Amino acid sequence: MLRPEDFVAFFQELHQGAEPYSWQLGILDDLLETGRWPESITAPTGSGKSAVVDIHVFARALAIQDGLEVPRRLVLVVGRRALVDSQAEHARAIQRILSAPEKSAVTEEVSKLLMRDSIGFGQPLGVSVIRGGLTLDRGWIDHPALTQVLCMTPDMFGSRLLHHGYGEARAARPRSAGLLAFDTAVIIDEAHLNIQLAKTVRRVREIVAESPVAHTVAPLQVVETTATPQPGTPPGVAVQESTLDLSSPSDEQLLQRLRANKSLSVVGLESWPLPRSGVARKQGIAAIADCAVEIRGRVGGTVGVVLNRVADAVSIADYLKRAGHSVVLRVGPMQPLMAMRVAARHPSLLTPEGDADVAFLVATQTIEVGVDLDLHGMVTECASAPALVQRFGRVNRRGYLSHAEIAVVGPLEGSGDLTNVWPYTELEIREAIGWISDVARRSLDLSPSSIMQTRVPPSSRRRLIYERLSLADSELLSHTSEDVFADPELDVWLDDQMGEIDRNVGVIGRRMPALNENHLPFLNATPPQEHEVFPTTMARLREGFVYAAKHTERHGDGRPKDYASVAYIFRDSEWIPWSDERMRLRPGDVACFASTLELVHEGVFLPGIGKEQLGDWLESWVKYPDLRSVLPWPRQRVLQQSSIRDEDASRASMDTIGDALLFQISQIVKDGEELSILNVQDRMSRAGFGEWLQLLMCGSESVEDKTVRFETAPPSVDGHVEWVVFTWESADNLEGESRQEWTLSGRVLLDNHQKDVEDRTGELTRTIGLDRDLARSIALAARHHDDGKKHPLFQKRLGNLLEDAEPLAKSGRRRSLARSRTGSDGLPQGWRHEQFSVLLNAESEWHDKDLILRLIGTSHGHGRAMFDQSTGQLCTAIDDEALRSVADRLFVRGNWDELMERTGLEHRWWGVSYLEAILRAADCQVSKEGR
């Protein structure tokens, strides 16, 4: 049996024998007693804020054992993508320990308890990353009962909470919103930079607290964390010398950290911030680099060099490398693949142990928070005072060094134009300069305890007025499936700083087919994968567009040839041409440029500075076999005429296979045969290439639980196929609706499927502890959510052609039904089976019928708040006039709209999204299991 005091042993196993601090134990005790996290945590850098994950995991295990109410989901929100990944790695380390075959008795018990609630998942803990540029993990919404750690950037979290997740398929939006609004605690790091977000989250909590769901499932909780107290920070836990328990050995070690010596020096430059070009820039770069070299000579060990702008960090790193020093560049917007390669070369650099072979770590704000490294010294540009405090905390972090140095670089007294110091304000820089000058005059060091004795200037307010989310706003935002002229601007509810200059987007490169008309089909077959996306800002992305437009082939009169092919934007799971520099961008957009454009420097997207080609990194799993275990699925191979390049096989043999495949596929098309894997396999075997599929996979890991599909270019007039893309995938890497339709097994009978989904909703709602009446409503909706598939033409779509055959739920075909809804089978394009399910059950005498019908109708994310199909379209091939009359009342005269409005208001929108999320999760789990 697990006891609260066992947390010490659990913590020690996670942290190589170190014991938790008293403030961490206090949070655990309060969480277990009240079910609530503190409203704020104010703790100096290095005092263990990352242990909130450890506390969450252990508390959840005790909650499962003892029937306590502790939020299942912990969301860590931090504004820097590299830090999101760092937090996720800590959570994954815990995940690995919990799933390891050998572990301590305490950890074994924690793992067993968490497994009780891991319905349909198979592991005790779920960890997901959702950050700007691309959504890594879509499958987290399939497991509402699971203990989870979700790592997100502010815009990704906030947009999902508001039913409009950036980069998220429309059909998946209600599920994310509902799950984030209940049974969730969100920890907002650097909360002083996310004031509007925190206010909006608290407002959502107020609204959902009035939902019937909140009677048995707690609304989301908000925790603000900061290293320095800020005006308006809510009461909570504060870590300082006076709050330590010095009878505890661990708190004695924390006191050592709080008193860690770090001397201060100030370096003034005649031109600061660094100019974009010219002599003054060269002199400034040399001065900063020379200062770092001098500190390195005195302190030994790795010295950090922290710049405010990516371009400056790149220049400093280049300067030090040319001088013969060992340098690692670590800036936030680094391509994940490059970051993986750097981590493979220097695995301990960003840990307290460090890497003695690295002389300088050159970075941007990315190392301010969430990175547990321990530098021997630092040179940092002046920033806002709270940002400087964070940076100082990366030096002599554990207090083990007798001597450590920090130099702050800024303008010479009385010089410098401070009107362009983004991402900070002029006021922040002036106040920081005054604060640092005061610390230097008082001969104070930069230990956390010394800093606490000073008045650290707060960050400037980015907004004069903060917006309050209204009920009308909540209603409008919940209409997730409607096609509107423009999506709502979420900035007003989420961002402290309006505008797009630092909003998160991404970039990839592609080797495009020769024919422009094949670009969009090719891109649709090769959506961006996380490892290949170069994170960047909207402002820098626009610079890339201008560069790409200048380097695009033009007509004789100067007009760009096929201007739409300069770039494409991946948004809401679809590609659209980017033809106008002024086109509105959205957070989460991913742009695609030609792979040959020189836009990159050491894994960073830097138009105008980078001299390396953007590249096409889709097939990195082939080029870097040592990284296959960490590269995400799906796996894809792209074949174009004589374009195959493979590190693991001879170029000639792979080129031959690629050309043979394209030839055989073209022949199948010309002969009018079905383009299927079986036909391709038959043709290739007869041509002497029986092992072609294994060669394409390069002998990589087992694909027994994966499905293989392929997509081809539209055939030319003569039947020639220009390219083919092979994809190995599993249910976890599919978009939301496709996961509900996909199954690894063959045909599934409709009655069996609906009964299995009903049973799974019961298992989920019992585990969650949902109100019994609401649970019964979900179960009834599950029992009838696919009734509309009985439509004879839909059964034909599934290949069920016998009149007396039992209705099917799944066809057994390895393709997404979303791609077959073209109208060619007699049903109108866009016909929805769940709308027909509503119609078939509209006259049922159920308690709470409105809610049940709503859950049936929205069981694939559509119908919020209207369906597209009229009575005539919905009832295609149906002669029942009574049924048509009901359809007319529901979907033509507005009864469905009224039903949606009533249920939304009653359940406060997020409440009904939560119920929908449970039903759809059960559907996904059952489908994934092949039932």
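Everything that follows concerns the structure shown earlier in this document.
Residues numbered from 1 in each chain as written. Predicted model: local features only at pLDDT ≥ 70, side-chain atom pairs only at ≥ 80, totals over all residues. Heavy atoms only, no water.

(A) Region of interest: the overall build of the protein. Summing up its helical and strand segments, the protein has 33 helices and 27 strands in all. Here the protein has a C-alpha radius of gyration of 29 Å; the compact-globule value for 931 residues is 30 Å, and the two agree. Viewed in the frame of its principal axes, the protein has a C-alpha envelope of about 90 × 70 × 55 Å. A burial count over the protein gives 60% of its 931 residues as buried. Counting only carbon and sulfur atoms, one obtains 50% of the accessible surface of the protein, whose full area is about 35,900 Å². With 104 positive and 132 negative side-chain charges, the protein shows a spacing of 2 Å between the two charge centroids. (Helix = DSSP H or I, 4+ residues; strand = E, 2+ residues; numbered from the N terminus. Rg over C-alpha atoms; globule rule 2.2 N^0.38 Å. Buried < 20%, exposed > 50% of the residue type's maximum accessible area, 1.4 Å probe, protein only. Areas by Shrake-Rupley, 256 points an atom, 1.4 Å probe, with all protein chains shown as cover. Lys, Arg positive; Asp, Glu negative; His and termini not counted. Charge placed at Lys NZ, Arg CZ, Asp CG, Glu CD.)

(B) Quick peek at the side chain of D473. Note that D473 resides in helix α16 (residues 471-477). Buried and unpaired, D473 has no salt bridge, with R203 as the nearest side chain of opposite charge at 7.9 Å. When sequence neighbours within four positions are dropped, the list of residues in contact with D473 reads R468 and W493. (Salt bridge = Lys/Arg side-chain N within 4 Å of Asp/Glu carboxyl O. Contact = heavy atoms within 4.5 Å.)

(C) Seen up close, the pattern of salt bridges. Evaluated as defined, the whole model comprises 48 salt bridges. A salt bridge links R281 to D312; its shortest N-O distance comes to 2.7 Å. Placement of the pair is R281 in helix α10 (residues 279-299) and D312 in helix α11 (residues 310-322), with a sequence separation of 31 residues. In this structure, R281 and D312 share a single accessibility class: buried. Within the structure, one salt-bridge network assembled from shared partners comprises D756, R760, E763, E929 and R931.

(D) Quick peek at the pairing of strand β18 (residues 574-578). With five bridges joining them, strand β17 (residues 567-571) and β18 adopt antiparallel strand pairing. Looking at the pairing, F570 lines up with W575 of β18. Linking β17 to β18, which pair antiparallel, is a turn of two residues; within it D572 sits at a positive phi near 50 degrees. (Pairing = 2+ DSSP bridges.)

(E) The sheet that holds strand β25 (residues 723-729), seen in detail. Here we have three strands laid out as an open sheet, ordered β23-β25-β24, and antiparallel in their pairing. Looking along the sheet, the strands with just one partner apiece sit at the ends: β23 (635-640) and β24 (707-712). Recorded for the sheet is a direction-independent mean angle of 15 degrees between the axes of neighbouring strands. (Axes fitted to C-alpha atoms, helices over the stretch in contact; angles between N-to-C directions.)

(F) Broad picture of the environment of R259. Mapped onto the secondary structure, R259 falls in the loop between α9 (249-258) and β9 (263-269). Each C-alpha atom of the pair R259 and L388 lies 17 Å from the other, and the pair is 129 residues apart in sequence. When near neighbours in sequence (up to four residues on either side) are disregarded, R259 contacts E241, S447 and S449. In terms of polar contacts, R259 uses its side chain to reach the side chain of E241, at 3.1 Å. (Polar contact = N/O pair within 3.5 Å; in protein donor to acceptor, adjacent residues only side chain to side chain.)

(G) Examining the nonpolar core more closely. Membership of the largest hydrophobic core comes to 86 residues, with the highest contact counts inside it found for F157, W910 and Y914. At nine residues, helix α33 (residues 910-928) tops the list of elements feeding residues into this core. (Core = buried A, V, L, I, M, F, W, Y, C linked by side-chain atoms within 4.5 Å.)

(H) Fine view of the environment of L899. Relative to the elements of secondary structure, L899 occurs in helix α32 (residues 895-906). In this structure L899 comes out as buried when scored by relative accessible area, which is 3%. Taking the C-alpha atoms as reference points, L899 and L851, separated by 48 residues in sequence, lie 8.3 Å from one another. Setting aside chain neighbours within four positions, we find L899 in contact with D850, L853 and R854.

(I) Structural view of the state of the cysteines. Under the definition given, this model contains zero disulfides. You can see C291 has no disulfide; the closest cysteine sulfur is in C382, sitting 14 Å from it. The exposure class of C291 is buried, given its relative accessible area of 11%. (Disulfide = S-S within 2.5 Å.)

(J) Quick look at the packing of helix α29 (residues 849-857) against α33. Two elements in contact, α29 and α33, have axes whose closest approach is 10 Å; the angle formed by their N-to-C orientations is 55 degrees. What the angle tells us is that α29 and α33 run oblique. Where α29 crosses over α33, the two elements pack in a sense that is right-handed. Residues L851, R854 and L855 of α29 touch α33, and the partners they reach there are V912, L915, E916 and L919. (Parallel < 35°, antiparallel > 145°, perpendicular 65-115°, else oblique. Left-handed = near helix turned anticlockwise from the far one by under 90°.)

(K) View of the sheet that holds strand β16 (residues 534-537). Taken in spatial order, the five strands line up as β16-β15-β19-β17-β18 in an open sheet, and their pairing is mixed. This sheet does not close on itself; its edge strands, each paired only once, are β16 and β18. Strand-to-strand, the axes of this sheet are offset by a mean angle of 35 degrees, without reference to chain direction. Here helix α19 (residues 538-550) sits on the sheet in contact with β15 (504-510), β16, β17, β18 and β19 (590-594), set at roughly 105 degrees to β16.

(L) Representation of the side chain of R920 in the model. Note on placement: R920 falls in helix α33. Within the local environment of R920, its side chain forms a polar contact with the backbone oxygen of S859, the two atoms lying 3.3 Å apart.

(M) Molecular detail of the packing of aromatic side chains. Tallied over the entire structure, the rule returns 20 aromatic pairs. When the centroid spacing of 6.5 Å and the interplanar angle of 70 degrees are considered together, the rings of W621 and W728 count as edge-to-face. Placement of the pair is W621 in helix α20 (residues 620-623) and W728 in strand β25, with a sequence separation of 107 residues. Across the pair, W728 and W621 agree in class, each one buried. Among the aromatic residues, those joined into a cluster by ring pairs are W621, W692, F710, F726 and W728. (Phe/Tyr/Trp six-rings, centres within 6.5 Å; stacked < 30°, edge-to-face > 60°.)

(N) Main features of helix α22 (residues 677-686). Those residues of α22 that fall on the buried side of the exposure criterion are V680, R683 and M684. Seen from one end, α22 has its buried residues packed into an arc of 95 degrees, which puts them on one side. Looking at α22, the residues exposed on the side facing more than 90 degrees away from the buried face are L678 and R686. A positive phi of about 90 degrees marks G688, the residue just after α22. (Arc of directions from axis to C-beta.)

(O) Spatial organisation of the packing of helix α25 (residues 750-768) against α33. Taken N-terminus to C-terminus, the directions of α25 and α33 make an angle of 125 degrees; their axes are 8 Å apart at the nearest point. One finds that α25 runs oblique with respect to α33. Between α25 and α33 the crossing geometry is right-handed. Here H753, D756, V757, R760, T761, L764, T765 and I768 of α25 lie close against α33, whose contacting residues are Y914, I918, L919, A922, D923, Q925, V926 and S927. Residue composition of the contact of α25 with α33, grouped by class: eight nonpolar, five polar and three charged. (Nonpolar A, V, L, I, M, F, W, Y, C, P; charged D, E, K, R; others polar.)

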